[in-house]
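Coordinate analysis (summary)
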Amino acid sequence: MHQGVMFALLAAALFGASTPFAKLLVGQVSPVMLAALLYLGSGAGLSLWYGLRRLRGNQGAADGLRKADLPWLAAAILSGGIGGPLLLMFGLAQTPASSASLLLNMEGVLTALLAWFVFKENFDRRIALGMLVIVLAGVLLSWQQMPQFGLPWGPLAILAACLCWAIDNNLTRRISASDAVQIAALKGLVAGLVNLALALLLGASLPAIASIGAAALIGFGGYGLSLVLFVLALRHLGSARTGAYFSAAPFIGAAISLLVLQEAVGGLFWLAAALMAFGIWLHLTERHQHAHSHEEIEHGHRHSHDLHHQHEHDFEWDGREPHSHPHRHLPISHSHAHYPDIHHRHQH
């Protein structure tokens, strides 16, 4: 299986598992305060990880964010790190969990639509069909619980959160060559502190230590590690394909419940499983190949000396791969199978 696909599915598994646990805390913690604690848990945990890597010398300087990346990161944090979780927590407070799971599938659809029609990412009918089948599987999985929306404000807030995250996903793709842990840590810390300030201004108080610890743990896994994996998937697959695989989150969460909690499932579960497998198969068997040209570009990220990294070193190299350093790609034209990754963002 392609490495980027594994990253996207693991990100979906972590996020899918976090949603029901966050729902359990909604009644104990105000929505804004919960959003703050989730992101602070993510940011604090990833910052510790990032710091330990720096101390051990495992952090390549070339992977770090550059000055030109900061506007993209700021816009992504504003949209997905502040707007998205606030709207989701508000929506969860007024919407049944089954309905929320159903609506969260819209993130993948909106991510793909923005990637295709606003950011001009390549797609074909096979990829579009695969994405729709994956989302349909998530819809069926949630629909078997017969959700009742009631008043529209909760569902509308969740749909707005999905749009915020779709914007975030496409903006983050622009900086996905940078260190994923650094990106996710900054998102968590900034979004968490802003949400915490808003919560305190609105009169919310800190919950019990047990609730703070639970929220921080959920945030580290479902928002922190999940985001690191998501950024790595963006680097390899582009926004639309990563969003499509990430739409498997509700199915993965249900599968975990089936295996761990031994919950009973009906026919719709197995139909959703078959559709999910078919959608993933459509993506895995994609072969996008044509003659294309690479413009000259200079950046830094972890790489091996593959087809696109045939360069000399201006330092003494010990031969280890993958490694990280600033490097320049000279213009080249060739033809091979590829995804819309960080080296293939050309026009068609």
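The structure under discussion appears in the preceding block.
Procedures and definitions
- Residues numbered from 1 in each chain as written.
- Predicted model: local features only at pLDDT ≥ 70, side-chain atom pairs only at ≥ 80, totals over all residues.
- Heavy atoms only, no water.
- Helix = DSSP H or I, 4+ residues; strand = E, 2+ residues; numbered from the N terminus.
- Contact = heavy atoms within 4.5 Å.
- Areas by Shrake-Rupley, 256 points an atom, 1.4 Å probe, with all protein chains shown as cover.
- Expected span 1.5 Å × (residues − 1).
- Bend = angle between axes of the 7 residues up to and from the residue.
- Patch = residues over 30% accessible without salt bridge, like charges linked within 9 Å, V, L, I, M, F, W, Y side chains within 5 Å.
- Salt bridge = Lys/Arg side-chain N within 4 Å of Asp/Glu carboxyl O.
- Buried < 20%, exposed > 50% of the residue type's maximum accessible area, 1.4 Å probe, protein only.
- Phe/Tyr/Trp six-rings, centres within 6.5 Å; stacked < 30°, edge-to-face > 60°.
- Core = buried A, V, L, I, M, F, W, Y, C linked by side-chain atoms within 4.5 Å.
- Axes fitted to C-alpha atoms, helices over the stretch in contact; angles between N-to-C directions.
- Parallel < 35°, antiparallel > 145°, perpendicular 65-115°, else oblique.
- Left-handed = near helix turned anticlockwise from the far one by under 90°.
- Nonpolar A, V, L, I, M, F, W, Y, C, P; charged D, E, K, R; others polar.

1. Here we look at the overall build of the protein
A tally of regular secondary structure across the protein gives twelve helices and four strands. The contacts of the protein with a sequence gap of at least 6 include a subset with a gap of at least 24, amounting to 86%. For the protein, the accessible surface area stands at approximately 16,300 Å², while carbon and sulfur atoms represent 66% of it.

2. Side note on helix α1 (residues 3-26)
Here α1 contains 24 residues, and its C-alpha end-to-end distance of 35 Å stays within 8% of the 34 Å for a straight helix at 1.5 Å per residue. Approximately 25° is the largest bend angle found in α1, and it occurs at Thr 19, with the proline Pro 20 only one to four residues beyond.

3. What to know about a nonpolar patch on the surface
A cluster of nonpolar side chains, contributed by Phe 90, Trp 153, Leu 156 and Leu 159, occupies part of the molecular surface with about 420 Å² of accessible area. Residue contributions to the nonpolar patch peak at three residues, all from helix α7 (residues 153-173). In this fold, Leu 159 is placed in helix α7.

4. Let's talk about the environment of Ile 252
With respect to the helices and strands, the residue Ile 252 is situated in helix α11 (residues 249-261). With relative accessibility at 16%, the residue Ile 252 sits in the buried group. With 21 residues separating them in the primary sequence, Ile 252 and Ala 273 have C-alpha atoms 9.5 Å apart. Apart from the residues lying within four places of it in its own chain, the contact partners of Ile 252 are Leu 9, Ala 12 and Ala 13.

5. Let's talk about the environment of Leu 189
Among the secondary structure elements, Leu 189 is positioned in helix α8 (residues 180-201). The contacts of Leu 189, once residues within four sequence positions are left out, are Tyr 39, Leu 40, Gly 43, Ala 44 and Ser 47.

6. Digging into the side chain of Ser 18
Structurally, Ser 18 is set in helix α1. Using a relative accessible area of 4% as the deciding quantity, one classes Ser 18 as buried. Beyond its immediate chain neighbours, meaning those up to four positions away, Ser 18 contacts Ile 218, Gly 222 and Tyr 223.

7. So, the packing of aromatic side chains
What the rule picks out here adds up to five aromatic pairs. On the basis of an interplanar angle of 80° and a centroid distance of 6.1 Å, the ring pair of Phe 15 and Trp 165 is categorised as edge-to-face. In this pair, Phe 15 is assigned in helix α1 and Trp 165 in helix α7, connecting sequence segments 150 residues apart. Using a relative accessible area of 9% as the deciding quantity, one classes Phe 15 as buried. Pairing Phe 15 with Phe 246 gives two aromatic rings, centres 5.5 Å apart and planes at 35°, and the pair type is tilted.

8. Points about helix α3 (residues 70-94)
An α-helical segment advances 3.6 residues per turn. Residues three or four places apart therefore align on the same side. Over its 25 residues, α3 extends 35 Å from the first C-alpha to the last, a length consistent with the 36 Å expected when each residue adds 1.5 Å. Of all the bends in α3, the greatest, near 30°, is centred on Ile 77.

9. Focus: the pattern of salt bridges
Once their charged atoms are close, side chains differing in charge can pair, the charge on each being opposite to the other. Under the counting rule described, the total for this entry stands at three salt bridges. The salt bridge involving Arg 66 is made with Asp 69; its shortest N-O contact spans 3.7 Å. The partly exposed category is assigned to Arg 66, whose relative accessible area is 45%. Given a relative accessible area of 4%, Asp 69 falls into the buried group.

10. Overview of the nonpolar core
Proteins that are soluble and globular tend to have nonpolar side chains buried together. Counting residues in each nonpolar core, the largest one holds 80 residues, and the members touching the most others are Leu 34, Leu 88, Met 89 and Trp 116. Per element, the largest residue contribution to this core is twelve residues, and it comes from helix α9 (residues 209-237). Apart from the residues lying within four places of it in its own chain, the contact partners of Leu 34 are Ala 22, Leu 25, Val 26, Val 29, Met 89 and Ala 215.

11. Observations regarding the packing of α9 against helix α10 (residues 239-246)
Viewed as axis vectors pointing N to C, α9 and α10 meet at an angle of 135°, and their least axial separation amounts to 8 Å. The angle between α9 and α10 falls in the class oblique. For the pair α9 and α10, the sense of crossing is right-handed. Within the contact between the two elements, α9 uses Ser 226, Phe 230, Ala 233, Leu 234 and Leu 237 and α10 uses Ser 239, Arg 241, Thr 242, Tyr 245 and Phe 246. Taken together, the residues that form the contact of α9 with α10 break down as six nonpolar, three polar and one charged.

12. Describing the side chain of Ser 226
Looking at the element boundaries, Ser 226 is found in helix α9. We classify Ser 226 as buried; its relative accessible area is 3%.

13. Here's the deal with the packing of α7 against α9
Two elements in contact, α7 and α9, have axes separated by 9 Å at closest approach and are oriented at 60°. In terms of their interaxial angle, α7 and α9 are classed as oblique. As for how α7 packs across α9, the hand of that crossing is right-handed. Counting all contacts with α7, which are made through Asn 169, Thr 172 and Arg 173, the residues of α9 involved are Phe 230, Val 231 and Leu 234. For the contact of α7 with α9, the per-class residue count stands at three nonpolar, two polar and one charged.

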